[in-house]
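# Structure assessment
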2 protein chains.
Amino acid sequence: MSAADASILLVDDHSVVREGYRSVLQKQPGLRVIAEAADGAEAYRLYKSEAPDLVIMDLSMPGIGGIEAIRRIRQWDKGARILIFTMHQNAGFAVQAIRAGARGYVTKTSPPETLVRAVMDVLAGKIAISPDIDHELALSRLGGESSAADVLTAREFEVLRLLLAEKTTDEIAETLHVSPKTVANLHSLIKDKLGVGSDIELVRLALRQGLLTEPDLGEA
Amino acid sequence: MSAADASILLVDDHSVVREGYRSVLQKQPGLRVIAEAADGAEAYRLYKSEAPDLVIMDLSMPGIGGIEAIRRIRQWDKGARILIFTMHQNAGFAVQAIRAGARGYVTKTSPPETLVRAVMDVLAGKIAISPDIDHELALSRLGGESSAADVLTAREFEVLRLLLAEKTTDEIAETLHVSPKTVANLHSLIKDKLGVGSDIELVRLALRQGLLTEPDLGEA
DNA sequence: CGAGCCCCGGGAAAATTTCACGACATTGCA
DNA sequence: TGCAATGTCGTGAAATTTTCCCGGGGCTCG
């Protein structure tokens, strides 16, 4: 392990962003980027063929999202090491990712040193969480109020993500390879668990909990 | 102008992402990155002190957002050339950015060549829009997002307002003294007029059009 | 007066939500 | 180790809602 470089698979749907990972990681001795993927399905395929020591992956991607990709990869290889590197500064996402099998969660606002440090920690077998998320997690613990989407299972969370992305039931069934009935069923179950009665309440709850990202457009 | 390299200011709140811009742009002769900023306010300060030939900027940033930053910079220098480079694949945001004075709008999913091409176009005085947004814009022209709630009658708008206030069909029927059946019919008609297929899309459209008071979570 | 909207609601078809049930994996306990 | 107990995922069918199509009454405008 110490003789050869650690091999890394980069997954992000923004090619310029992958370029950024590369640039930062290349400066670090002992690391080598061996492959890149632009979505979860491609990541899964490449993981199976390349067997990298570490996957660095974004969460929000077209098609199957990051959470689902984690599950599939970990199903293939129980020992897979996956580090999530994302813009979502949200404890709920972090909880879901770790629960699905990720070994680390770092936000893109973190300085490059934090990412490098997290990479090293995960390769060493530790769990790595960036400081801002640590803080968020602590807050959500203290807040006590019926916490966010951590009452949802990974599957339910994934369906919720796709619903919020304005996908139809049939489209979601297609991407997850399940029956449309099942998606409708999960949709109903999600609303039940979150205690909302309509899709409208569902979206507004998601907004409050930061599950939806809208840019700040300022005043007109 | 043509003798010296074109100077560029990069603005993005993710340092690793800025690293990506840099890496891509450095391969292109004639371009030189002279400064970086992590938010709109810093971008404005740096623009005044460095007077770059071009600004490449993200939209969603902490503090003052990208749109507001465009306005301030253009207020200081009417000839400023600003290229928006963002993850938001949304025609509405592109329209707002261009209207605020941006000279280009490219999504981060675009390949590096598209970004480089857009940089060159903007430096040459053209307006640059990435193909995916072009397509979105064409769709919205063809009857995609029916402008605002000015296609709705007063009655319909009132029902929409109550729906967004998380009222149930029966409650709305009660307050308006009509049959629940009528409310359901109007609800359906509203979605039809606005060109959305689900309540989730409906809420997000309302958000984009400022019909919903967004919960202000976050920094001062 | 006739044309064009808007508001209101009925009925039937289509889609959805909901409910009840099994298969499967994991956990806890004796 | 054996064996409930629990929780997740998925399906089918019933119950409900949404959608579509329809007509009547009221209103304005040319």
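This is a predicted model, so every value here is computed, not measured. (Residues numbered from 1 in each chain as written. Chains lettered and ligands numbered in written order. Predicted model: local features only at pLDDT ≥ 70, side-chain atom pairs only at ≥ 80, totals over all residues. Heavy atoms only, no water.)

### Remarks on the overall build of chain A
- Counting its regular elements, chain A contains ten helices and six strands.
- Residues counted as buried form 50% of the 220 residues belonging to chain A.
- At a minimum sequence separation of 6, the contacts of chain A that also span at least 24 residues come to 63%.
- For chain A, the computed accessible surface area is about 9,600 Å², with 50% contributed by carbon and sulfur atoms. (Helix = DSSP H or I, 4+ residues; strand = E, 2+ residues; numbered from the N terminus. Buried < 20%, exposed > 50% of the residue type's maximum accessible area, 1.4 Å probe, protein only. Contact = heavy atoms within 4.5 Å. Areas by Shrake-Rupley, 256 points an atom, 1.4 Å probe, with all protein chains shown as cover.)

### Digging into the side chain of A:His14
- The topology assignment puts A:His14 in the loop between strand 1 (6–11) and helix 1 (15–26).
- You can call A:His14 buried: its relative accessible area is 6%.
- Here the side chain of A:His14 touches B:Lys108 through a polar contact of 3.4 Å, landing on its backbone oxygen. (Polar contact = N/O pair within 3.5 Å; in protein donor to acceptor, adjacent residues only side chain to side chain.)

### Here we look at the packing of aromatic side chains
- According to the stated counting rule, one finds three aromatic pairs over all chains in the structure shown.
- An angle of 80° between the planes, with centres 5.5 Å apart, marks the rings of A:Phe93 and A:Phe157 as edge-to-face. Taken together, the residues A:Phe93 in helix 4 (residues 91–100) and A:Phe157 in helix 7 (residues 154–164) connect sequence positions 64 residues apart. In this structure, A:Phe93 and A:Phe157 share a single accessibility class: buried.
- A cation sits over an aromatic face here: B:Lys48 above B:Trp76, 5.2 Å from the ring centre. (Phe/Tyr/Trp six-rings, centres within 6.5 Å; stacked < 30°, edge-to-face > 60°. Lys NZ or Arg CZ within 6 Å of the ring centre and 35° of its normal.)

### Section: the protein's contact with DNA strand C
- Taken together, A:Ala184, A:Asn185, A:His187, A:Ser188, B:Thr153, B:Arg155, B:Val178, B:Ser179, B:Lys181, B:Thr182 and B:Asn185 make up all the residues around DNA strand C.
- Protein-proximal atoms of DNA strand C, defined as those within 4 Å of the protein, fall in sugar or phosphate at a share of 62%.
- Within the side chain of B:Thr182, one N or O atom sits 2.8 Å away from a phosphate oxygen of DNA strand C.
- Breaking the surface near DNA strand C down by element, the ones donating at least two residues are helix 9 (180–194) of chain A together with helix 9 (180–194) of chain B.
- Of all the elements, helix 9 of chain A adds the most residues to the surface near DNA strand C, at four residues.
- Tallied by class, residues from the surface near DNA strand C come to two nonpolar, seven polar and two charged. (Near = heavy atom within 4 Å. Nonpolar A, V, L, I, M, F, W, Y, C, P; charged D, E, K, R; others polar.)

### Concerning the UniProt feature "modified residue: 4-aspartylphosphate" (unreviewed entry) in chain A
Residue and element names in this part refer to chain A.
- Taken from the UniProt record, the annotation "modified residue: 4-aspartylphosphate" (unreviewed entry) applies to Asp-58.
- Turning to its location among the elements, Asp-58 is positioned in the loop between strand 3 (54–57) and helix 3 (66–76).
- Judged by relative accessible area, which is 2%, Asp-58 ranks as buried. (UniProt positions renumbered as here; feature names shortened; annotations may be inferred.)

### Here we look at the sheet that holds strand 6 (residues 128–129) of chain A
Residues and elements named next belong to chain A.
- Taken together, six strands build an open sheet; the order of strands is 2-1-3-4-5-6 and the sheet is parallel. Looking at strand neighbours, the two that pair on one side only are strand 2 (31–37) and strand 6, the edges of this open sheet.
- Here strand 3 pairs with strand 4 (residues 82–86) via three bridges, running parallel. The residue of strand 4 that forms the bridge with Met-57 is Ile-84.
- Lying over the sheet, helix 3 contacts strand 3 and strand 4, oriented at roughly 170° with respect to strand 4.
- Contacting strand 1, strand 2, strand 3, strand 4, strand 5 (104–107) and strand 6, helix 5 (residues 112–123) runs over the sheet at an angle of about 165° to strand 4. (Pairing = 2+ DSSP bridges. Axes fitted to C-alpha atoms, helices over the stretch in contact; angles between N-to-C directions.)

### What to know about the confidence of the model for chain A
- Of the residues in chain A, 88% reach a pLDDT of 70 or more, and the chain-wide mean stands at 81.
- At the level of individual helices and strands, chain A shows its lowest average pLDDT in helix 6 (residues 131–143) of chain A, which scores 69, and its highest in strand 3 of chain A, which scores 94. (pLDDT = per-residue confidence, 0-100.)

### A look at the nonpolar core
- Among the nonpolar cores identified, the biggest contains 70 residues, and A:Val11, A:Met57, A:Ile70, A:Ile82, A:Ile84, A:Tyr105 and A:Leu160 are the most heavily contacted of them.
- A:Val16, B:Val16, B:Leu54 and B:Ala118 belong to the second-largest nonpolar core, a separate cluster that totals 42 residues. (Core = buried A, V, L, I, M, F, W, Y, C linked by side-chain atoms within 4.5 Å.)

### Some thoughts on unusual backbone geometry
All names here are of chain B.
- For Ala-51, which is not glycine, the phi torsion reads 45° and is therefore positive.
- Looking at where Ala-51 falls in the secondary structure, it is placed in the loop between helix 2 (40–50) and strand 3 (54–57).
- Positive phi, close to 55°, is recorded for His-177, a residue that is not glycine.
- The topology assignment puts His-177 in the loop between helix 8 (169–176) and helix 9.
- By relative accessible area, His-177 is classed as exposed at 70%.

### Some points on the side chain of B:Ser130
- Locating B:Ser130 in the fold gives a position in the loop between strand 6 (128–129) and helix 6 (131–141).
- Residues in contact with B:Ser130, not counting those within four places in the same chain, are B:Tyr105, B:Val106, B:Thr107, B:Ser110 and B:Thr114.

### Focus on the interface of chain A and chain B
- Counting from both sides, the interface comprises 38 residues of chain A and, opposite them, 45 residues of chain B.
- A combined buried area of about 3,700 Å² lies between chain A and chain B, and 66% of that area is made up of carbon and sulfur atoms.
- A salt bridge links A:Glu19 to B:Lys27; the nearest nitrogen and oxygen atoms lie 3.6 Å apart.
- Our count for the chain A to chain B interface comes out at eight residue pairs in polar contact (both at pLDDT 80 or more).
- If you list the elements that add at least two residues to the side of chain A that touches chain B, you get helix 1, helix 5, helix 7 and helix 10 (199–208) of chain A. (Buried area = accessible area lost by both parts, 1.4 Å probe. Salt bridge = Lys/Arg side-chain N within 4 Å of Asp/Glu carboxyl O.)

### Structural notes on the environment of A:Tyr105
- The residue A:Tyr105 is located in strand 5 in this model.
- The spatial distance from the C-alpha of A:Tyr105 to the C-alpha of A:Ile84 is 4.7 Å, given a sequence separation of 21 residues.

### Notes on the pairing of strand 4 (residues 82–86) of chain B
All names here are of chain B.
- Burial analysis of strand 4 places five of its five residues in the buried class, the great majority of the element.
- The alternating pattern of strand 4 places Ile-82, Ile-84 and Thr-86 on one face and Leu-83 and Phe-85 on the opposite face, and all of these are buried.
- Across four bridges, strand 4 lies against strand 5 (residues 104–107) in parallel orientation. In the strand pairing of strand 5, Phe-85 is matched with Val-106.
- Note that the unit made of strand 4, helix 4 (residues 91–100) and strand 5 has a crossover that is right-handed. (Right-handed = clockwise from strand over helix to strand, strands pointing away.)

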